[in-house]
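Close look at the chain arrangement
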Amino acid sequence: MKKMSITGGTTLIGLGVGFILFKHSVFYFIASLFIGIGVGLLIEYLTKREK
């Protein structure tokens, strides 16, 4: 459950940033979603590795 909440939270942050950047380009919107997912997976990996 913790993994999904971290990844989901950062994806929602990326979605919010994407909606702000959507007026400039659709590609910024898609890139911010991918960055949000990637950051969430990275945080999940680092917290899992420390234990």
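Placed above this text is the structure.
These remarks concern the structure in this document. Residues take numbers from 1 onward in each chain, read along the sequence in its written order. Restriction of local features to residues with pLDDT of at least 70 applies here, the model being predicted, together with a cutoff of 80 or more for giving and counting side-chain atom pairs; totals for whole chains, interfaces and linings are based on all residues. Water and hydrogen atoms play no part in the side-chain values, which are based on all heavy atoms of the structure.

Looking at the side chain of T10
Along the chain, T10 falls in helix α1 (residues 2-21). Partly exposed residues are those whose accessible area sits between 20% and 50% of the maximum for their type, while under 20% is buried and over 50% is exposed, using a 1.4 Å probe and protein chains only. The buried category is assigned to T10, whose relative accessible area is 13%. By the criterion applied in these results, polar contacts are pairs of N or O atoms within 3.5 Å in which, for protein atoms, one can donate a hydrogen and the other can accept it, and in which residues neighboring in sequence qualify only through two side-chain atoms. Of note is the side chain of T10, whose polar atom sits 2.9 Å from the backbone oxygen of G36. A contact between two residues is defined here by any heavy atoms of the two lying within 4.5 Å. Those residues within four positions of T10 in sequence are excluded, and the remaining contacts are G36, V39, G40 and I43. Comment: elements are numbered from the N terminus, with helices defined as DSSP H or I runs of at least four residues and strands as E runs of at least two.

Focus on the packing of aromatic side chains
When two rings of Phe, Tyr or Trp (its six-membered ring) have centres within 6.5 Å they constitute a pair, described as stacked for plane angles under 30 degrees, edge-to-face for angles over 60, and tilted for the intermediate range. Tallied over the entire structure, the rule returns two aromatic pairs. Both rings, one in F19 and one in F29, keep their centres 5.2 Å apart while their planes meet at 45°; by these two values the pair is tilted. Of this pair, F19 sits in helix α1 while F29 sits in helix α2 (residues 26-50), placing them ten residues apart in sequence. The exposure class of F29 is buried, given its relative accessible area of 15%.

Re the environment of G8
Considering the arrangement of structural elements, one finds G8 in helix α1. Each C-alpha atom of the pair G8 and H24 lies 25 Å from the other, and the pair is 16 residues apart in sequence.

Focus on a nonpolar patch on the surface
Patch definition: residues above 30% relative accessible area lacking any salt bridge, with like charges linked at up to 9 Å and the nonpolar side chains Val, Leu, Ile, Met, Phe, Trp and Tyr linked at up to 5 Å. Where accessible areas are quoted, they stem from the Shrake-Rupley method and a 1.4 Å probe; at the residue level, only the protein chains shown are allowed to cover. Any Lys or Arg side-chain nitrogen found within 4 Å of a carboxyl oxygen on Asp or Glu counts as a salt bridge. The grouping of F19, F22, V26, F27, I30, F34, I37 and L41 at the surface amounts to a nonpolar patch, some 830 Å² of accessible area in total. Sort the elements by how many residues they give to the nonpolar patch and α2 lands first, with six residues. Take F27: it is sitting in helix α2.

These values are about where atoms sit, not about what they do.
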